[in-house]
Amino acid sequence: MTAFGRLYGVGIGPGDPELLTVKATRVIAAAPVVAFFAKAGRRGNARAIVDCWLKPSHVELPLFYPMTDESHFDDPPYREALARFYKECATAISDHLEAGRDVALLSEGDPLLYGSFMHLFIRLRDRFAVTIVPGVSSICGAWGVAGAPMAWGDDALVVLPATLPLAELTRRLALADAAVIMKIGRNFARAKEALVAAGMAERAIYVERATMAGEVVAPLSEKQGDAAPYFSLILAPGRGRRP
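This write-up is about the structure you can find in this document. Residue positions are given per chain, counting from 1 as you read along its sequence in written order. Local features in this predicted model are restricted to residues whose pLDDT is 70 or higher, and side-chain atom pairs enter the listing and the counts only when it is 80 or higher, whereas totals over whole chains, interfaces and linings include all residues. The basis for every side-chain value is the complete set of heavy atoms in the structure, and neither hydrogens nor water enter the calculation.

This part takes up the sheet that holds strand E1 (residues 7–11). Spatially, E3-E2-E4-E1-E5 is the arrangement adopted by the five strands of the open sheet, whose pairing is parallel. Each edge of the open sheet is held by one strand with a lone partner, namely strand E3 (59–65) and strand E5 (130–133). Taken pair by pair, the neighbouring strands of this sheet meet at an average axis angle of 25°, ignoring direction. Strands are treated as partners if at least two bridges between them are detected by DSSP. Where helices and strands are cited, they refer to DSSP runs of H or I of at least four residues and of E of at least two residues respectively, numbered from the N terminus. In the sheet, E1 pairs with strand E4 (residues 103–107) via five bridges, with the strands oriented parallel. Within E4, the position partnered with Leu-7 by the bridge is Val-103. Axes here refer to lines fitted to C-alpha atoms; in helices the fit is confined to the stretch in contact. Angles between the N-to-C directions go from 0 to 180 degrees.

Another aspect to go through is the packing of aromatic side chains. For this analysis, a ring pair means two rings from Phe, Tyr or Trp (six-membered ring only for Trp) whose centres lie within 6.5 Å, classed as stacked if their planes differ by under 30 degrees, edge-to-face if by over 60, and tilted for the remaining angles. Throughout the structure, instances matching the rule amount to eight aromatic pairs. Centre to centre, the rings of Phe-4 and Phe-128 are 5.2 Å apart; their planes meet at 55°, and the pair counts as tilted. Of this pair, Phe-4 sits in the segment before E1 while Phe-128 sits in the loop between helix H4 (117–124) and E5, and the two are 124 residues apart along the sequence. Since its relative accessible area comes to 47%, Phe-4 is described here as partly exposed. For every residue, the accessible area obtained with a 1.4 Å probe (protein chains only) is divided by the maximum for its type, and the residue is called buried under 20%, exposed over 50%, and partly exposed between those limits. For Phe-128, a relative accessible area of 6% translates into the label buried. By the ring-pair criterion, three or more aromatic residues cluster together here, those being Phe-37, Tyr-65, Phe-85 and Tyr-86. Charge-over-ring placement is defined geometrically: NZ (Lys) or CZ (Arg) within 6 Å of the ring centre, and within 35 degrees of the ring normal. Between Arg-125 and the ring centre of Phe-121, over which it is positioned, the NZ or CZ distance is 5.3 Å.

Interpretation note: all reported values are geometric properties and have no functional meaning in isolation.
Written as structure tokens, this is what we have:
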């Protein structure tokens, strides 16, 4: 009887191929199947990051989203479409695992921080062995390229999605000493308004495509327009205790 394969959730970092860990490159090289998420009709950022690490012998398993940011997560059709998508992805991966083939599922940043990998992890972890390979998160990549020390001494750091309602986003920022706001996109104006209300806007830094080509790092006050691309976030460094 063929033993089941193992699923690897592989964090591949924020974009720079050199920010993959040694373990990530080893797992990718050894796994016969490499799976990755992408927008329909596109190669996908995750696949591009690992381009130099893949071999002709790898079986590639692209997982194409039925939609990305066209709808809001609370819309029933959107949630239903994603539920079907993750179920289909779990089936495609389980077919390889049941045949005894290990699968390395790529996750931009870290697999367990706002990653699509988590939706497959909870669907497959009771049936198959799973190993998590931590990765450099987009947060770390952003404050690295910005040269922004984020949390000093007793500073409390909060990570927030800009999809929260304005009042809630403002409330949580007001309780923190330092902050990272993710999932900006069409929510940029709301994030900026919340930072202004919380008194953090003057020290906030806008970062776009951290560690990737086309990288942008600028004071929040210099960001033009009310929209931002998918690969963007805002940093509000702490100002706490230091020698």
